[in-house]
Amino acid sequence: MVPVDLHCHSNFSDGLLPPKEVARKAAERGCKLFALTDHDDTRGVALAAEEAALHGMQFLNGVEVSASWGKYTLHVVGLDVDPANPVLRAGLASVRAGRDARAQAMSDSLARVGLDNVLEGARKYAENPEMISRTHFARYLVEIGAAKDTKSVFKKFLVRGKPGYVDHEWARMHESIDWIRAAGGVAVLAHPGRYEMGNETMRVLLTEFRRLGGEAIEVVSGSHGAAEVGRFGRLAQEFGFEASCGTDYHATGEGAREPGLNPDLPIGCVPVWARWLQEAA
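- Going by an unreviewed UniProt entry, the protein chain carries the name Phosphatase and comes from Silvimonas amylolytica.

### Focus on the state of the cysteines
Part 1 of the argument: Under the criterion given, the structure shown has zero disulfides.
Part 2 of the argument: Free of any disulfide, Cys8 has its nearest neighbouring cysteine sulfur in Cys31, separated by 7.8 Å.
Part 3 of the argument: On the basis of relative accessibility, which here comes to 0%, the residue Cys8 falls in the buried class.
Part 4 of the argument: With no disulfide of its own, Cys269 has Cys245 as its nearest cysteine by sulfur position, at a separation of 11 Å.

### Points about the environment of Ala97
Part 1 of the argument: Relative to the helices and strands, Ala97 resides in helix α3 (residues 86–97).
Part 2 of the argument: For Ala97, a relative accessible area of 60% translates into the label exposed.
Part 3 of the argument: Note: C-alpha distance between Ala97 and Gly246 (149 residues apart in sequence) is 27 Å.

### Comments concerning the nonpolar core
Part 1 of the argument: The biggest cluster of nonpolar side chains holds 56 residues, and the ones touching the most others in it are Leu6 and Trp273.
Part 2 of the argument: In this structure, Tyr140, Ala146, Phe157 and Val166 belong to the second largest nonpolar core, which totals 19 residues.

### A few points about the pattern of salt bridges
Part 1 of the argument: Throughout the structure, instances matching the rule amount to 18 salt bridges.
Part 2 of the argument: Linking Arg43 and Glu130 is a salt bridge whose minimum nitrogen-to-oxygen distance equals 2.9 Å. With Arg43 in the loop between β2 (33–36) and α2 (45–54) and Glu130 in the loop between α5 (118–123) and α6 (134–143), this residue pair connects regions lying 87 residues apart in the sequence.
Part 3 of the argument: Here Asp100 and Arg123 are joined by a salt bridge, their closest N and O atoms 3.4 Å apart. With Asp100 in helix α4 (residues 99–111) and Arg123 in helix α5, the pair connects residues that are 23 residues apart, well separated along the chain.
Part 4 of the argument: Note on Arg123: relative accessible area 36%, which makes it partly exposed.

Calculation notes
- Residues numbered from 1 in each chain as written.
- Predicted model: local features only at pLDDT ≥ 70, side-chain atom pairs only at ≥ 80, totals over all residues.
- Heavy atoms only, no water.
- Disulfide = S-S within 2.5 Å.
- Buried < 20%, exposed > 50% of the residue type's maximum accessible area, 1.4 Å probe, protein only.
- Helix = DSSP H or I, 4+ residues; strand = E, 2+ residues; numbered from the N terminus.
- Core = buried A, V, L, I, M, F, W, Y, C linked by side-chain atoms within 4.5 Å.
- Salt bridge = Lys/Arg side-chain N within 4 Å of Asp/Glu carboxyl O.

Structural data, given as structure tokens:
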């Protein structure tokens, strides 16, 4: 296991725990290099950094930007960004501004299939009201018995073709990369195995991501199985990307792994964390 976790969430976006608790969990499992990467918001990183310092754990300021590429919604992680950078701050604020309208449209869609007042219920789970998301909706739908767990919610609702799904225009992929680079960060394509696209479309995406300034892809992810780790390890090498790893932790019981440790990369991959943590490379 690699003592690195470069993709985690707190309750500043759609995680359940405060930033300090997420960082503490990672440190207690032996993590040496940790990044908090909340969706479209960096306001939790200072708290996580404080906790990391108490445990002697190296910390990177991170963010996960919601991006649109054609008909696809993608996520681009920024590592080692400057949260005070005005370009990044303005960009993230613009992305957050669209979330309320989408949330109301999602709630209206669910009401049409007999699930009333879901937005009101989802807000109970959103400690940062600017960051209302599908995950908050999913937790409330589990609470009222519409599905047995959050994974089941996403199969039954909230995805394309199902009640509760709403098309939304996020930042363009090139914008998300530009914001991250303006803030001194490294742009990483998050969990590519989650995007429902064929091999040829994936190759077009990786070519475009590289051309626009993306430098790494997540090879190891909490949502990647062994076959996907192998596949994206090979693609990282073919396209000249560094390889990243992250648990994509949101809450205990909602994902594959707790924060802090990840399986090793496939042989031949160049770890992105070698930039910051030479001894773990």
